[in-house]
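The chain contents come next:
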Amino acid sequence: QVNLLQSGAALVKPGASVNLSCTASGYIFTAYYIHWMKQSHGESLEWIGYINPNSDYTNYNAKFRSKATLTVDKSTNTAYMELARLTSEDSATYYCTRESYYDPFAYWGQGTLVTVSS
Amino acid sequence: DIVLTQSPTTLSVTPGETVSLSCRASHYIGTNLHWFQQRTNDSPRLLIKYASQSISGIPSRFSASGSGTDFTLHINKVDFDDVSSYFCQQAQTWPLTFGSGTKLEIK
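Not measured: the values here are computed from a predicted model.

### Quick word on the interface of chain A and chain B
Thinking step 1. Every contact between the two is made by 22 residues of chain A and, on the other side, 17 residues of chain B.
Thinking step 2. Counting each side, the surface lost to burial between chain A and chain B is near 1,500 Å², with a carbon and sulfur contribution of 64%.
Thinking step 3. In terms of surface lost to chain B, no three residues of chain A exceed Leu 45, Trp 47 and Pro 104 of chain A, which account for 31% of the buried area on that side.
Thinking step 4. Remark: the boundary between chain A and chain B carries zero salt bridges.
Thinking step 5. Viewed at the interface, chain B and chain A are joined by seven residue pairs in polar contact (both at pLDDT 80 or more).
Thinking step 6. Mapped by element, the contributors of at least two residues to the side of chain A that touches chain B are β4 (33-39) and β5 (45-51) of chain A.
Thinking step 7. Take the side of chain A that touches chain B: its biggest share by element is four residues, from β5 of chain A.
Thinking step 8. Its residues placed into classes, the side of chain A that touches chain B shows 11 nonpolar, nine polar and two charged.

Here is the structure:
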């Protein structure tokens, strides 16, 4: 069965960076794009961007282009998102999700809570 | 960016009622709209894809309709298990965007 397992909660200081992971299993990793979403507490979702694990091609929401960097490690079926120069505005739960035409965003990770605090 | 406006913000209903949740797009998006359910402290779950297509494993009480700019999610015979926030998402153009959600409460 398809599973996306995300890294655990992170407490980081303002100005620092954090690297979140999303490890896929149960399917061919390179066959599906991985998207990342942000959800601030009690609010709706924002699309950060996606990466094609087969080609490393990325597409970012302009709002997050200077904030997030998406990468993959095909040897471990893991997608990564680095968030840089963190501020309190970056405190949120971040999700990875798999896209395909036939089951768009049907599979999600459990989410990673990032708290930015000194 | 395409703005999705959901209404109502909150809906409080009694079990057994049938409800309709609205999602309006600021620009034409055809049928490139998906609906998600999100329970408290859980990940979103895909309910409906491409405006009206059902998803395997989702109860048939959930259905949806619409195209262009106006979309509706219908929940037949609401029960306590449906307490959640419901979001629409457009996949017509980049950036992908979500509505602000409708929170369903049971009286």
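What follows continues from the structure just given.
### As for the sheet that holds strand β3 (residues 18-25) of chain A
Residue and element names in this part refer to chain A.
Thinking step 1. Strand order in the open sheet formed by four strands is β1-β3-β8-β7, and the pairing between neighbours is antiparallel. The sheet is open, and its two edges are formed by β1 (3-6) and β7 (68-73), each paired on a single side. Along the sheet, successive strands turn relative to each other by an average axial angle of 20°, direction set aside.
Thinking step 2. In terms of strand pairing, β1 meets β3 through four bridges, oriented antiparallel. Bridge pairing in β3 places Leu 5 opposite Thr 23.

### Here we look at the packing of aromatic side chains
Thinking step 1. Summed over the entire model, instances satisfying the criterion amount to 11 aromatic pairs over all chains.
Thinking step 2. For the ring pair Trp 47 of chain A and Trp 94 of chain B, a centre distance of 5.0 Å and an interplane angle of 25° mean the geometry is stacked. You can see Trp 47 of chain A sitting in strand β5 and its partner Trp 94 of chain B sitting in the loop between β9 (84-90) and β10 (97-98), one on each of two chains.
Thinking step 3. Residue classification places Trp 94 of chain B among the partly exposed positions, given a relative accessible area of 46%.
Thinking step 4. What links up through ring pairs into an aromatic cluster is the set Tyr 33, Trp 47, Tyr 50 and Tyr 57 of chain A together with Trp 94 of chain B.
Thinking step 5. Across the ring face of Tyr 27 of chain A, the terminal group of Arg 98 of chain A is positioned such that the distance to the ring centre comes to 4.7 Å.
Thinking step 6. Across the ring face of Tyr 32 of chain A, the terminal group of Arg 98 of chain A is positioned such that the distance to the ring centre comes to 3.7 Å.

### Some details on the nonpolar core
Thinking step 1. One finds Trp 35 and Leu 73 of chain B to be the most contacted residues of the largest nonpolar core, which totals 38 residues.
Thinking step 2. By residue number, the principal contributor to this core is strand β3 (residues 19-25) of chain B, which donates four residues.
Thinking step 3. Among the nonpolar cores identified, the runner-up in size contains 28 residues, and Cys 22, Trp 36, Leu 83 and Leu 86 of chain A belong to it.

### Considerations on the environment of Ser 7 of chain B
Residues and elements named next belong to chain B.
Thinking step 1. Positionally, Ser 7 belongs in strand β1 (residues 4-7).
Thinking step 2. For Ser 7, a relative accessible area of 36% gives the class partly exposed.
Thinking step 3. Each C-alpha atom, one on Ser 7 and one on Ile 48, is 18 Å from the other, the two residues being 41 residues apart in sequence.
Thinking step 4. When residues no more than four places from it in sequence are discounted, the contact partners of Ser 7 are Leu 21, Ser 22 and Thr 102.

### Quick notes on the state of the cysteines
A covalent bond bridging the sulfur atoms of two cysteines is what the word disulfide describes.
Thinking step 1. Under the defined criterion, the tally for this structure stands at two disulfides over all chains.
Thinking step 2. One disulfide bridge connects Cys 22 of chain A with Cys 96 of chain A, the sulfur atoms lying 2.1 Å from each other. Measuring handedness by torsion sign, the sulfur bridge of Cys 22 of chain A and Cys 96 of chain A sits at about 80° and is right-handed. Here Cys 22 of chain A is found in strand β3, whereas its partner Cys 96 of chain A is found in strand β9 (residues 92-99), with 74 residues between them in sequence. This pair shows no difference in class: Cys 22 of chain A is buried, exactly as Cys 96 of chain A is.
Thinking step 3. For Cys 23 of chain B, the disulfide goes to Cys 88 of chain B, at an S-S distance of 2.1 Å. With the S-S dihedral at roughly 80°, the linkage between Cys 23 of chain B and Cys 88 of chain B falls on the right-handed side. Here the residue Cys 23 of chain B occupies a position in strand β3, and Cys 88 of chain B occupies one in strand β9, the gap between them amounting to 65 residues.
Thinking step 4. Given the relative accessible area of 0%, Cys 88 of chain B is considered buried.

The rules behind the values
- Residues numbered from 1 in each chain as written.
- Chains lettered and ligands numbered in written order.
- Predicted model: local features only at pLDDT ≥ 70, side-chain atom pairs only at ≥ 80, totals over all residues.
- Heavy atoms only, no water.
- Contact = heavy atoms within 4.5 Å.
- Buried area = accessible area lost by both parts, 1.4 Å probe.
- Salt bridge = Lys/Arg side-chain N within 4 Å of Asp/Glu carboxyl O.
- Polar contact = N/O pair within 3.5 Å; in protein donor to acceptor, adjacent residues only side chain to side chain.
- Helix = DSSP H or I, 4+ residues; strand = E, 2+ residues; numbered from the N terminus.
- Nonpolar A, V, L, I, M, F, W, Y, C, P; charged D, E, K, R; others polar.
- Pairing = 2+ DSSP bridges.
- Axes fitted to C-alpha atoms, helices over the stretch in contact; angles between N-to-C directions.
- Phe/Tyr/Trp six-rings, centres within 6.5 Å; stacked < 30°, edge-to-face > 60°.
- Buried < 20%, exposed > 50% of the residue type's maximum accessible area, 1.4 Å probe, protein only.
- Lys NZ or Arg CZ within 6 Å of the ring centre and 35° of its normal.
- Core = buried A, V, L, I, M, F, W, Y, C linked by side-chain atoms within 4.5 Å.
- Disulfide = S-S within 2.5 Å.

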